[in-house]
Amino acid sequence: MGGADLVIASNRGPLSFSLDSSGEPVAAGSAGGLAGALHPLLAGSGATWVACAMSEADRRAADAGLMSQPGLDLVTVQPDPDTYAMAYDVVSNSTLWFCHHHLFDLVRRPRSGRRWSEAWDAYRAVNTSFASTVADVANEGATVLIQDYHLCLVPGLLAKQRPDLKTVHFTHTPFADPNIFRVLPTSSGRELLTGMAAATACGFHTARWEAAYLACCKDMAIDPGPTFVSPLGPNQPHLEARAASEACRAARARIDALVGDRQVVVRVDRVEPSKNLLRGFWAFDEFLETHPEWRGRVVFLALGYTSRESLAEYLAYGTEVEHAVTRVNERWGTEDWRPVILDVADDPDRSFAALTRYDVLLVNAVRDGLNLVAKEGPLVNDNDGVLVLSREAGAFEELQDAALAVNPFDVADTADVLAEALAMAAGERARRAGHLRDIVMKRQAGDWLADLLAAAGS
Ligand code: F6P
């Protein structure tokens, strides 16, 4: 035993790899999400970060010693690939993600057949590997910050194995309401909550998700343990350096050339059912139908990257998104105007540059733990852009006074709010943009980390 006083545990680590044509691992695109946010925060801190090798490329990179970063000790958990696929695809992504985001089509899913217990065993096995690895690297009395729904059992396992450790479990997704949590097989739901409740404290981005966790525990008569609320904030110095970089300037110039003097609606997300891309495009279609004066004068730039392509739901969703875009473009496009430009080729510089340029940023998630883009956009945008924000995103709690609220399920409402945002007078745009920036700057990523350490009692 020995080594680290601060250990981070997350499924996805700061580095991910793909294989080049000769089978050699090469660094892959953006990590996004919490790994992308935590990396600049922890770089150089001397902390140990325990994360999974999620692919063959990651495994080869780890074996070749490529999983390394200056000032950060990266430790890779390498579960057997079949076990990992069951834990990640079946339990974490197809079940827990859908549960916490209220995405189940309850007529058909979840199915929880005999395969479920095998999948749950796999989830338990991956959590067990994480707990053993953490137990191996953590110094006596160390603080362990455990991230997200992939690792709910780790606090309970560590409490037995290493009761000296101070553990915080932080949930980056929403937390399911008890009536939805109840659809999980009861013994799994119970094990999951009991695992989390064994942490020194459990954290959430908003009071709403904390209340849902407490309600689920109450429903199962489980003592929830101490909880706290701490919304993640952006990393301002890191974002400002990126905005000033040559790569961002070049990407911005390409966007400017593409859109000309048209107004620009931007969205930047993973292609993911919870992000609600479909209703965004349906709303833009309705907006162009009901506001003919805007035809030819606005471009919807939808950027991001595909994810979880091993899941049928995600592949089908991606196809529907493409069809929705094609429909808008065929219906309204002209020889010199393509209304929607969808690019999910994972070009982080282009996505970032779009955030500096938007007139309107659309974040219409059906349900979202926080949505960091809703905070990063206003910080780097130099165009007094308007934020249209889903009232179901965790970030809404902090940003609602300066954003335009949208009901993400209501396409007509979304179309109306887009129209309001695009037509907003310059003075009001500037006032709201300034207000957003002030709110966002008040809480930075470092404040979030400090809250987690305080919750651990460190
Ligand atoms: O929102 C919580 C989160 O863990 C984010 O980090 C990330 O966007 C996502 O969920 C996980 O994505 P992935 O399965 O690609 O790691």
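Note that this is a predicted model, so its numbers are computed, not measured.

Time to look at the nonpolar core. In a soluble, globular protein the nonpolar side chains are often hidden away together inside. Judged by nonpolar contacts, the single largest core of 94 residues is most densely connected at Trp49, Phe281, Phe284, Phe287, Leu387, Leu389 and Leu399. Counting contributing residues, this core receives three or more from each of domain 1 (4–233 + 447–456) and domain 2 (236–441). With 64 residues, the next largest nonpolar core counts Val75, Leu151, Leu193 and Ala212 among its residues.

Lining the immediate environment of the ligand, one finds Arg12, Gly33, Leu34, Tyr88, Trp97, Asp148, Tyr149, His172, Arg270 and Arg308. Between an oxygen atom of the ligand and a side-chain N or O atom of Arg12, the distance comes to 2.8 Å. Within the side chain of Arg308, an N or O atom sits 3.0 Å from an oxygen atom of the ligand. Alone, the ligand offers 390 Å² of accessible surface; in the complex the protein occludes 85% of this.

On the surface, a cluster of negative charge is contributed by Glu286, Asp410, Asp416 and Glu420. Residue position: Asp410 is located in the loop between β15 (404–406) and α16 (411–423). Overall, Asp410 belongs to the partly exposed group, its relative accessible area being 32%.

Turning next to the sheet that holds strand β9 (residues 227–229). Strand order in the open sheet formed by seven strands is β5-β4-β1-β6-β7-β8-β9, and the pairing between neighbours is parallel. The outermost strands of the open sheet, each flanked by one partner alone, are β5 (73–77) and β9. Put simply, the sheet's adjacent strands are angled 20° from each other on average, direction ignored. As judged from the four bridges shared by strand β1 (residues 4–10) and strand β4 (residues 48–52), these two strands associate in the parallel manner. Bridging across to β4, Ser10 finds its partner in Ala51. Against the sheet, helix α4 (residues 114–137) contacts β1, β4, β5 and β6 (138–147), and its axis sits at roughly 160° relative to β4. Of the strands in this sheet, β1, β6, β7 (166–171), β8 (201–204) and β9 are in contact with helix α18 (residues 445–456), which crosses β6 at around 130°.

Time to look at the environment of Leu311. Relative to the helices and strands, Leu311 is located in the loop between β11 (298–306) and α12 (312–332). C-alpha of Leu311 to C-alpha of Arg443: the two residues are 132 residues apart in sequence and 35 Å apart in space. Those residues in contact with Leu311 that sit more than four places away from it in its chain are Asp89, Asn93 and Ser94.

Before going further, it helps to spend a moment on the packing of aromatic side chains. The description of two aromatic rings rests on the distance between their centres and on the angle between their planes. By the definition in use, this model includes 15 aromatic pairs. Consider the rings of Trp120 and Tyr123, whose centres lie 4.8 Å apart with planes at 25°: the pair is stacked. One end of the pair, Trp120, and the other, Tyr123, are both in helix α4, three residues apart, so they sit about a helical turn from each other. Of the two residues, Trp120 and Tyr123, both sit in the buried class. In this structure, Arg308 packs its charged tip against the face of Trp97, placed 4.2 Å from the ring centre.

Looking now at the packing of helix α13 (residues 348–357) against helix α14 (residues 373–380). Pairs of packed helices are described in terms of their axes, by the angle between the two and the distance that separates them. The N-to-C vectors of α13 and α14 enclose an angle of 60°; their axes lie 7 Å apart at closest approach. With respect to each other, α13 and α14 are oriented oblique. Along this stretch, α13 crosses α14, giving a crossing that reads as right-handed. Between α13 and α14, the residues in contact are Phe352, Leu355 and Thr356 and Val373, Gly377 and Val380, respectively. Residue composition of the contact of α13 with α14, grouped by class: four nonpolar, two polar and no charged.

Procedures and definitions
Residues numbered from 1 in each chain as written. Predicted model: local features only at pLDDT ≥ 70, side-chain atom pairs only at ≥ 80, totals over all residues. Heavy atoms only, no water. Core = buried A, V, L, I, M, F, W, Y, C linked by side-chain atoms within 4.5 Å. Buried < 20%, exposed > 50% of the residue type's maximum accessible area, 1.4 Å probe, protein only. Domains from an automatic or database assignment. Near = heavy atom within 4 Å. Polar contact = N/O pair within 3.5 Å; in protein donor to acceptor, adjacent residues only side chain to side chain. Areas by Shrake-Rupley, 256 points an atom, 1.4 Å probe, with all protein chains shown as cover. Patch = residues over 30% accessible without salt bridge, like charges linked within 9 Å, V, L, I, M, F, W, Y side chains within 5 Å. Salt bridge = Lys/Arg side-chain N within 4 Å of Asp/Glu carboxyl O. Lys, Arg positive; Asp, Glu negative; His and termini not counted. Charge placed at Lys NZ, Arg CZ, Asp CG, Glu CD. Helix = DSSP H or I, 4+ residues; strand = E, 2+ residues; numbered from the N terminus. Pairing = 2+ DSSP bridges. Axes fitted to C-alpha atoms, helices over the stretch in contact; angles between N-to-C directions. Contact = heavy atoms within 4.5 Å. Phe/Tyr/Trp six-rings, centres within 6.5 Å; stacked < 30°, edge-to-face > 60°. Lys NZ or Arg CZ within 6 Å of the ring centre and 35° of its normal. Parallel < 35°, antiparallel > 145°, perpendicular 65-115°, else oblique. Left-handed = near helix turned anticlockwise from the far one by under 90°. Nonpolar A, V, L, I, M, F, W, Y, C, P; charged D, E, K, R; others polar.

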